[in-house]
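# Chain and residue survey
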Amino acid sequence: MVNHQLFIIPFARDGQSKLPMDRHGFTFMKRSIISALLVALFSLTALAQEKKINILYTNDLHSHLEPHIVPWVSKTRQVGGFANIAARVKAEKAANPHTLYLDAGDSFAGPPVSSLTKGEAIIDAMNSLGLDAGCVGNHEFDYGWQNAIDQFKKAKFPLLNGNIFLKGTDQLHWNNPYLIRNINGVRIGIIGLHEKFAFYDTVSDEMIRGVEVRDEKVYLRKYIRELKPKTDLIILLIHLGIPGTQSTGGEKDVVRNHQHDIDLANAVPGVDLMITGHPHSGISEPVVANGTIIVSTDAYTIELGKLEISYDKRLDRITSYKNRLNYLFDDEVEDDPQMLAVIKKWNDKLMDITDRVVSNTTAPLTRSYSVESLMGNMVADAILDAFPTFDFAVTNSGGLRQDIDMGPVTVGELIAAFPFPNTITQLEMTGRDLRQIFEHGAGLTNGILQVSRGVEVVYDESRPIGQRIVKCHIKGLPLDDQRTYRVLTSNFLADGGDGFLTFKKTLFYKRTGLEIVQAMTNYLRKFNTFTPTIEGRVRKQ
Ligand code: FE
């Protein structure tokens, strides 16, 4: 609010002055007062037009209800968790009523509380986060498109999407493309969309059979047209781009950027602010493209973004902004008690399943996006162990979402490590097609394939994408282009997920129905003590 008190200037109410007059009949003092008044009135008008709005934002929360260790942030201090976000949001809103909290999707898929409740617990917790709106991310479809509708119905905050349709119809899967909020006298249109590429790149085919995503640019233009006459500002919440790196070290070993965000802003003018999700890489200094401010946080609740904007009603534009992206260290934030109660309720319900110990590992099972990892080796070996007559097994690095600590390995940790209901699929593929598959991995857009024992892949990152594999041996022999190999992988990859489209050329395809988490459980149960090893299976030259 503008403080009008500041502009009350002492002035003779009767307009009479006892000071000497100039030839126009004004005293010098009176003239000064008039000019001061004019300046003040001008400033008052200008300030009345200047509206400050505080926008809090997150994306890719991925069910991390609780604070956790993210090794590349701190090896000792936990970060994130819903109780910390809720506490910060409440404090910000209490301090400034002109505050919005928005989220750019991917709330499901993470710790077991998501898989075991098919997202229900996450929506329940999000109801207490203080959200003003959120958009739908690809992982909201991990447990099927019908389940997504069932869970979205339980949301008490507006969930937005305007370009995912029920297949073959003009009916939106979730009929809520945008909303309008009035904050500090500024009418704000908030649109929710999902990029078509990102959706089909990262969602398991069978989970989205009943829906189709249509070109986000077409729908963005349509909704801007509809909103423009009724709003001052337009905010887009969108999930787009290339998926986030999944590795223990958080290395930027893959080109991770927000190019799709920038391309969209350049292609479709009219968005003032874009809050984006999917690349799992926070933008500390907002990117501005074609007049659109682009912001995004890292994943897994570790950051709460805060963008303060000044909007000038007269000029009809954002005149200044300040952005902050701070880690939410658990020891710096007082947990929100209401959220703690929600989390406890769900933890208590699931404890019997999640706390079951399967094995003991002598070293932490860690992950990598660009070379073999202790986790990747274990998962691929577990898949092969389920069907040992096959030649080998592969799994995508992007599907491995959380490390497993040294010591007892619980069912909960296995689900957190692989939080998808993916099942093992049996394939028969030519050596030539497999070579292309390994090349896609070595391209590092979606991470390398983690492989089972007996596979050796060496690649040269300095060579062009598509020509990077310098060695590929299966059971000690060079991969033979002409031969047919019997391969095991997840249904997600078998259906061409993460850009591994060549899997679709398979000569044989059989779904086994055995969930990968179950295969991991069965495999690890065979070991009282499991000793993970790095064997040079996938390495850089
Ligand atoms: Fe994500």
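All figures in this text were calculated on a predicted structure; none of them were measured in a lab.

### What about helix α8 (residues 259-267)?
Considered for burial, the residues of α8 that qualify are D261, L264 and A265. The buried residues of α8 all sit within an arc of 100 degrees when viewed along its axis, so they share a single face. In this structure, the buried side of α8 is in contact with α7 (216-227), β9 (233-239), β10 (273-277), β11 (287-289) and β12 (292-295).

### Considering the coordination of the iron ion
Bound to the iron ion on the protein side are D60 (OD), H62 (NE2), D106 (OD) and H280 (NE2), at distances that span 2.1 to 2.3 Å. Relative to the metal, the four donor atoms surrounding the iron ion lie at angles of 85 to 177 degrees, and the coordination shape comes out irregular. Binding-site remark: the iron ion is held by donors from one chain whose sequence spacing is D-x1-H-x43-D-x173-H. Taken together, the residues D60 in the loop between β1 (50-58) and α2 (82-95) and H280 in the loop between β10 and β11 connect sequence positions 220 residues apart.

### Things to note about the layout of surface pockets
The method is simple in principle: a probe with the dimensions of a water molecule rolls over the atoms, and the space it marks as empty is what remains. Reported here for the largest pocket is a volume of approximately 1100 Å³. Around the largest pocket sit 47 residues that line it, and H64, H68, P111, Q402 and A416 are the ones nearest its centre. When residues of the lining of the largest pocket are traced back to their parent elements, those giving at least two are α3 (112-115), α9 (337-354) and α11 (411-417). Here the lining of the largest pocket takes five residues from α9, the largest share from any one element. Of the residues that constitute the lining of the largest pocket, the class distribution is 19 nonpolar, 17 polar and 11 charged.

### Thoughts on the side chain of N446
Topologically, N446 is positioned in the loop between α12 (431-442) and β19 (449-451). With a relative accessible area of 3%, N446 lands in the buried category. Not counting chain neighbours up to four residues away, the residues in contact with N446 comprise D201, P243, Y369, G398, H440, D498 and G499.

### Quick word on the packing of aromatic side chains
As enumerated under the stated definition, the model contains 14 aromatic pairs in all. Summarising the aromatic geometry, the rings of F141 and F199 are spaced 5.0 Å apart at their centres and angled 85 degrees between planes, so their arrangement reads as edge-to-face. Within this pair, whereas F141 is found in the loop between β3 (133-135) and α5 (145-152), its partner F199 is found in helix α6 (residues 196-202), the two being separated by 58 residues in sequence. As far as burial versus exposure is concerned, F141 and F199 are alike and both buried. An aromatic cluster of three or more residues is present, and its members are F165, Y178, Y219 and Y223. A cation over an aromatic ring shows up here: R214 above the ring of F165, its NZ or CZ 4.1 Å from the ring centre. We note R486 situated over the ring of F390; from NZ or CZ to the ring centre the distance is 3.9 Å.

Reading guide: rules and limits
Residues numbered from 1 in each chain as written. Predicted model: local features only at pLDDT ≥ 70, side-chain atom pairs only at ≥ 80, totals over all residues. Heavy atoms only, no water. Buried < 20%, exposed > 50% of the residue type's maximum accessible area, 1.4 Å probe, protein only. Helix = DSSP H or I, 4+ residues; strand = E, 2+ residues; numbered from the N terminus. Arc of directions from axis to C-beta. Contact = heavy atoms within 4.5 Å. Donors = N, O, S within 2.8 Å, 3.2 Å for Na, K, Ca; no water. Tetrahedral: all angles 85-135°; square planar, octahedral: opposite > 155°, others 65-115°. 1 Å grid on protein atoms, 1.4 Å probe; cavity = no way out; pocket = protein on both sides within 12 Å on 5 of 7 lines; lining within 4 Å. Points joined across faces, edges and corners; volume = space filled by probe spheres on them. Nonpolar A, V, L, I, M, F, W, Y, C, P; charged D, E, K, R; others polar. Phe/Tyr/Trp six-rings, centres within 6.5 Å; stacked < 30°, edge-to-face > 60°. Lys NZ or Arg CZ within 6 Å of the ring centre and 35° of its normal.

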